[in-house]
Amino acid sequence: MIEQAAISGAAKGGVYSQTLCLENFYLVLTLSDGPQEVNLELGRNTLAKIEEIITQSPQLKPSELIAAISADLPEEISVGILVARITDQQLILAAKGDVGAKLARRGKIINLAGATLSGQLQPQDLLILGTKDFISQLISNFPNADQTVNDLRDALLPKIEEMENNAGIAGLLLKFNPEQSESLPTKSFKFTPTLSELPAMLSRRTLYLAILALVTLVCVVAFQLRSRALEENSQKIAALQQMVTQAEKTGQRDVLLQTRQNFVSSAGDLKDPKVKAILDELDKQIAAVSHIYTLSSLDLFYDFGLLKAGVNVSAAGLHKGQITALDSANGAVYTVTTANKGANIITAADALKSAKFIDSSGDSNYIWTPSGIYSNDKLLLKPADKWGQIAGLATFAGNIYLLDKANSQIWKYQGTDLGFADLTPYLTAGSVDFSRVTGFAIDGYVYVLSSSGNIVKFSAGSAQDLPVAGLDKPFANPTGIFATDDTNNIYVLDSGNNRVVVLDKSGIYKSQYVFPSTYHLEPSTLLLADESTGKAFLLSGSKIFSFDLK
């Protein structure tokens with residue numbers, strides 16, 4: 001009896017590594033080089049060819065099997081293949097390329113090298129077959145041979161999952177545990193049965209023949225069941241692959257997402273290496289058509305610390321290619337142009353040290369503080385009795401808008417030739433809950449974002465939901481929204497998912513930018529976007545980070 005456990009990584013970047021156990025053959029295969037040539041289809045076709053050869057020629061020598069497979073592969077493909085055939089206690093092993101084998105026997109380690117070798121296995125022998133990466137990276141210290149192969153596999157799996165690229169990992173763990181039988185006497189005896197003993201001997205002989213026939217029948221049935229199971233599994237894998245291939249041909253995101261859902265529900269064992277490889281490829285295709293861009297890093301666009309010490313940006317706006325940043329800690333306002341990074345200190349005043357919000361309209365900067373609204377360092381509008389909990393300021397067409405969470409209202413100061421008219425409510429009808437608002441923006445319409453991920457769109461003071469369609473997963477604690485009359489899109493800072501999501505102005509999903517796991521979006525992070533330069537900006541502390549829009 002041979003205990004067995006298989007381990008393999010996920011195909012990636014022109015590398016395919018896999019194992020196969022069929023009848024008394026145990027095989028490790030790795031294909032590499034030429035990213036256009038080595039792919040899942042080539043790997044699966046090669047394994048299918050191996051299964052066909054073994055089924056048709058079960059007495060084939062390992063070296064002959066290697067020669068047959070190598071002859072069918074393109075010359076530019078680098079092939080590593082190791083084949084072991086174990087019959088009774090006899091091991092025949094052949095290898096080619098970047099593969100290796102080790103044997104643990106009675107506390108000693110034997111490296112099995114060479115193109116072809118054979119020998120007798122002994123009880124409790126532990127045989128490890130694998131790619132060079134598997135042997136060198138995971139089996140540097142030989143494992144405890146007293147453990148079961150399943151325990152050894154379970155100890156190795158976490159190490160494989162932690163590897164950034166495990167495509168070159170494939171291995172087999174085999175432990176030889178022959179069934180125990182009574183020892184036969186070595187000395188022969190002459191024995192002549194009497195007539196009275198003859199019937200008992202014949203009965204015993206009949207029983208032995210019956211047992212032998214039964215064992216033979218069981219082996220035949222077991223072989224047929226195994227062959228049928230392998231055939232059914234191959235057919236299932238082929239059907240799953242065909243499902244994915246047909247969906248990928250459409251190039252439609254909705255079709256691919258539905259296919260993934262159908263795939264998961266019908267695949268069964270998602271840990272099966274072949275199933276997992278197909279699902280990984282499907283996920284890559286979904287990411288491509290969904291315009292999901294995973295950013296390896298964020299570029300440092302500008303550091304306001306170059307202008308002043310101790311900067312901590314608390315609010316910012318973007319108008320006509322110029323970022324305006326409010327530094328409440330220093331009571332200062334800075335600007336930087338998105339085209340050439342030209343930066344200046346616009347103003348600094350003690351009155352602005354309590355400021356919380358800023359926005360720009362033309363040449364004017366409007367700053368909200370509890371003591372009033374300032375234009376740079378000059379008091380423009382005194383506090384109003386109606387102000388509750390002001391949670392944002394935005395400007396549009398010469399008007400100033402304040403979002404009031406406590407009163408669930410948006411206050412409006414109408415711009416005139418003589419200054420600003422008195423405070424008036426913008427919302428004219430209906431009841432809106434602003435208690436969970438995390439941001440708002442104006443481009444003619446008013447967009448209000450809540451921490452639940454809901455976006456409400458206001459037109460002429462009336463509210464209407466803006467349904468977001470096409471997200472692969474819902475917003476999780478979004479903390480910022482940006483839109484102006486200069487942008488074609490709406491940008492949402494989805495802090496819980498560490499990403500920026502781009503929607504068109506009817507709420508249809510367009511793309512998303514996922515940040516590195518090392519960069520965590522703080523609630524104080526601010527989002528701006530300049531479509532004229534093709535850049536989005538994240539402001540945190542004294543720094544502006546940027547990434548390119550696609």
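Right, let's walk through the structure included here. (Residues numbered from 1 in each chain as written. Predicted model: local features only at pLDDT ≥ 70, side-chain atom pairs only at ≥ 80, totals over all residues. Heavy atoms only, no water.)

Overall, the coordinates contain 11 aromatic pairs when judged by the stated rule. Where Tyr366 meets Phe420, the ring centres are 5.9 Å apart and the plane angle is 90°; that geometry is what we call edge-to-face. Taken as a pair, Tyr366 in strand β18 (residues 364–369) and Phe420 in strand β24 (residues 419–425) lie far apart in primary sequence, 54 residues in all. In this structure Tyr366 comes out as buried when scored by relative accessible area, which is 11%. With centroids separated by 6.2 Å and ring planes inclined at 85°, the aromatic side chains of Phe434 and Phe458 adopt a geometry described as edge-to-face. (Phe/Tyr/Trp six-rings, centres within 6.5 Å; stacked < 30°, edge-to-face > 60°. Helix = DSSP H or I, 4+ residues; strand = E, 2+ residues; numbered from the N terminus. Buried < 20%, exposed > 50% of the residue type's maximum accessible area, 1.4 Å probe, protein only.)

This part is about the sheet that holds strand β12 (residues 299–303). What the 4 strands build is an open sheet, ordered β12-β35-β34-β33; its pairing is antiparallel. Taken across any chain shown, the strands that pair with only one partner, and hence form the sheet edges, are β12 and β33 (526–530). Pairwise comparison of adjacent strand axes, ignoring direction, gives a mean angle of 30° for this sheet. Inspection of the sheet shows β33 paired to strand β34 (residues 535–540) by 5 bridges, in the antiparallel sense. Note on β34: the bridge partner recorded for Leu528 is Phe537. (Pairing = 2+ DSSP bridges. Axes fitted to C-alpha atoms, helices over the stretch in contact; angles between N-to-C directions.)

On to the pairing of strand β20 (residues 378–381). Judged from the 3 bridges that link them, strand β19 (residues 372–375) and β20 form a sheet pairing that is antiparallel. In the sheet register, Ser375 faces β20, and the bridge partner there is Lys378. Hairpin connection, β19 to β20: the antiparallel pair is bridged by 2 residues, and Asn376 has positive phi, about 55°.

Turning next to the packing of helix α6 (residues 253–267) against helix α7 (residues 273–289). The interhelical angle for the contact between α6 and α7, taken along N-to-C directions, is 160°, at an axis separation of 10 Å. Here α6 is positioned roughly antiparallel relative to α7, judged by the angle of their axes. When the axes of α6 and α7 are compared, the crossing they make is left-handed. Contacts between α6 and α7 involve Arg253, Leu256, Leu257, Thr259, Arg260, Phe263 and Ala267 from the former and Val275, Ile278, Leu279, Leu282, Asp283, Gln285, Ile286 and Val289 from the latter. When the residues that make up the contact of α6 with α7 are grouped by side-chain class, the tally is 10 nonpolar, 2 polar and 3 charged. (Parallel < 35°, antiparallel > 145°, perpendicular 65-115°, else oblique. Left-handed = near helix turned anticlockwise from the far one by under 90°. Contact = heavy atoms within 4.5 Å. Nonpolar A, V, L, I, M, F, W, Y, C, P; charged D, E, K, R; others polar.)

So, on to the sheet that holds strand β22 (residues 399–404). Taken together, the 4 strands give an open sheet; going across it, the order is β21-β22-β23-β24, and neighbouring strands pair in antiparallel fashion. The open sheet is flanked by β21 (390–396) and β24, the only strands paired with a single partner. Neighbour to neighbour, the strand axes of the sheet diverge by 20° on average, direction disregarded. Note that β21 and β22 share 6 bridges and pair antiparallel. By the bridge assignment for β22, Phe396 is matched with Asn399.

Right, let's talk about the pairing of β33 for a bit. In terms of burial, β33 is a largely internal element, 5 of the 5 residues being buried. Neither face of β33 is left uncovered, since the one carrying Leu526, Leu528 and Asp530 and the one carrying Leu527 and Ala529 both have all their residues buried. Connecting the antiparallel pair β33 and β34 is a turn made up of 4 residues, with Gly534 showing a positive phi of about 70°.

Its identity as a non-glycine residue notwithstanding, Gln124 has a phi of 75°, on the positive side. By the secondary structure assignment, Gln124 is in the loop between β8 (116–120) and β9 (126–131). Located in the positive-phi region is Ser408, a residue other than glycine, with phi close to 45°. Mapped onto the fold, Ser408 is located in the loop between β22 and β23 (409–416).

Count 3.6 residues to each turn of an α-helix, and residues three or four apart come out pointing the same way. An ideal rise of 1.5 Å per residue puts 21 Å on 15 residues; α6 measures up with 20 Å between its terminal C-alpha atoms. Turning to α6, its buried residues are Arg253, Leu256, Thr259, Phe263 and Ala267. Each buried residue of α6 sits inside an arc of 115° when the element is viewed along its axis, so together they form one side. Among the exposed residues of α6, those pointing more than 90 degrees away from its buried face are Asp254, Gln261 and Ser265. A positive phi of about 85° marks Gly268, the residue just after α6. (Expected span 1.5 Å × (residues − 1). Arc of directions from axis to C-beta.)

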